[in-house]
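In case you want the letters, here they are:
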Amino acid sequence: MIKLFSLKQQKKDEESAGGARAGAGGKKASAAQLRIQKDINELNLPKTCEMVFPDQDDLLSFKLLISPDEGFYKGGKFVFSFKVGQGYPHDPPKVKCETMVYHPNIDLEGNVCLNILREDWKPVLTINSIIYGLQYLFLEPNPEDPLNKEAAEVLQTNRGLFEQNVQRSLRGGYVGATYFERCLK
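The following paragraphs examine the structure supplied in this document. Since this is a predicted model, take the numbers as computed values, not measurements.

### Some remarks on the overall build of the chain
And step 1. Helix and strand content of the chain: 5 helices and 6 strands.
And step 2. Going from the N terminus to the C terminus, the chain shows its helices and strands as α-α-β-β-β-β-α-α-α-β-β.
And step 3. In the chain, once contacts between residues fewer than 6 apart in sequence are set aside, the share between residues at least 24 apart is 54%.
And step 4. Within the structure as shown, the chain displays about 11,000 Å² of accessible surface, and the carbon and sulfur contribution to it stands at 52%.

Below you can see the structure in the form of structure tokens.
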């Protein structure tokens, strides 16, 4: 029994010494860093997605590449940037689409309309939840909650024209007065 107490005391001493060292020169991980590490370790990426970390030491800033294999956007390659703030998981990450795309839920500046990135965010949600939400936007664009109102209106009134506009934007070209860079894989 005495040996057990001495082991506990030794562990406490080591922890407090380690804590003092971390404060002096070592770097202590923030809650956001610990949670993002957990999210990344538990990721279950669909085959149409790939994550890229421009700075291997910065897990709070990364890119997601989505290459839909079905739907209107099949064959396209779309890049999203994720910026995870220190408030994560209580605050959602900031997500921007870096690929200009003709989509009702993504505006021409790259802002993304996804409910879990706004009012429906909860700390129990993970990066995996966001990735699946973004992928779903390419499978089922939602004209009911648009950022690009023109694209939403065309989707609601003329699905054939919407599909032509999407294909023109993927190949690179003009849709109305807006030029889209080629984004086919």
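Still more ground to cover, so stick around.
### Observations concerning the packing of helix 4 (residues 149–157) against helix 5 (residues 159–171)
Working note: a packed helix pair is described by the angle between its axes plus the distance between those axes.
And step 1. At a closest axis distance of 5 Å, the pairing of helix 4 and helix 5 adopts a crossing angle of 135°. Taken together, the axes of helix 4 and helix 5 are oblique relative to one another. Residues A151, V154, L155 and T157 of helix 4 pack against R159, L161, F162 and N165 of helix 5.
And step 2. Looking at the contact of helix 4 with helix 5 residue by residue, the class counts come to 5 nonpolar, 2 polar and 1 charged.

### A closer look at the pairing of strand 1 (residues 49–52)
And step 1. Burial along strand 1 is one-sided: C49 and M51 are buried, and none of E50 and V52, which face the opposite way, are.
And step 2. As paired strands, strand 1 and strand 2 (residues 61–66) are joined by 4 bridges and run antiparallel to one another. Opposite E50, over in strand 2, you have L65 as the bridge partner.

### Notes on the sheet that holds strand 2
And step 1. Reading across from one edge, 1-2-3-4 is the order of the 4 strands in this open sheet, with antiparallel pairing throughout. Each edge of the open sheet carries a strand with a single partner, namely strand 1 and strand 4 (94–97). On average, adjacent strands in this sheet sit at an angle of 25° to one another, irrespective of strand direction.
And step 2. As judged from the 4 bridges shared by strand 3 (residues 78–83) and strand 4, these two strands associate in the antiparallel manner. Looking across to strand 4, one finds that F80 is bridged to C97.

### Looking at the side chain of N165
And step 1. The topology assignment puts N165 in helix 5.
And step 2. In this structure the side chain of N165 is engaged in a polar contact, spanning 3.1 Å, whose partner is the side chain of Y102.

### Quick word on the side chain of S67
And step 1. The residue S67 is located in the loop between strand 2 and strand 3 in this model.
And step 2. If we ignore the near neighbours within four places in the chain, the residues touching S67 are T48, G76, K77 and K185.

### A few points about helix 3 (residues 127–139)
And step 1. Its 13 residues place the ends of helix 3 19 Å apart at the C-alpha level, agreeing with the 18 Å of an ideal helix rising 1.5 Å per residue.
And step 2. Residues of helix 3 that are buried include every one of I127, N128, I130, I131, G133, L134, Q135, L137 and F138, and no others.
And step 3. Each element contacted by the buried residues of helix 3 is listed here: helix 2 (31–41), strand 1, strand 2, strand 3 and strand 4.
And step 4. In this structure T126 caps helix 3, since a side-chain oxygen of it lies 3.2 Å from the backbone nitrogen of N128.

### Re the packing of aromatic side chains
And step 1. Throughout the structure, instances matching the rule amount to 11 aromatic pairs.
And step 2. Between F72 and F162 the ring centres are 5.0 Å apart and the planes differ by 80°, which places this aromatic pair in the edge-to-face class. On the criterion of sequence distance, the pair formed by F72 in the loop between strand 2 and strand 3 and F162 in helix 5 is long-range, its members being 90 residues apart.
And step 3. The class for F72 is buried, based on a relative accessible area of 11%.
And step 4. What makes F162 buried here is its relative accessible area of 0%.
And step 5. An aromatic cluster is present here, built from F72, Y102, F162 and F180 joined pairwise through their rings.

Cut-offs and rules
Residues numbered from 1 in each chain as written. Predicted model: local features only at pLDDT ≥ 70, side-chain atom pairs only at ≥ 80, totals over all residues. Heavy atoms only, no water. Helix = DSSP H or I, 4+ residues; strand = E, 2+ residues; numbered from the N terminus. Contact = heavy atoms within 4.5 Å. Areas by Shrake-Rupley, 256 points an atom, 1.4 Å probe, with all protein chains shown as cover. Axes fitted to C-alpha atoms, helices over the stretch in contact; angles between N-to-C directions. Parallel < 35°, antiparallel > 145°, perpendicular 65-115°, else oblique. Nonpolar A, V, L, I, M, F, W, Y, C, P; charged D, E, K, R; others polar. Buried < 20%, exposed > 50% of the residue type's maximum accessible area, 1.4 Å probe, protein only. Pairing = 2+ DSSP bridges. Polar contact = N/O pair within 3.5 Å; in protein donor to acceptor, adjacent residues only side chain to side chain. Expected span 1.5 Å × (residues − 1). Phe/Tyr/Trp six-rings, centres within 6.5 Å; stacked < 30°, edge-to-face > 60°.

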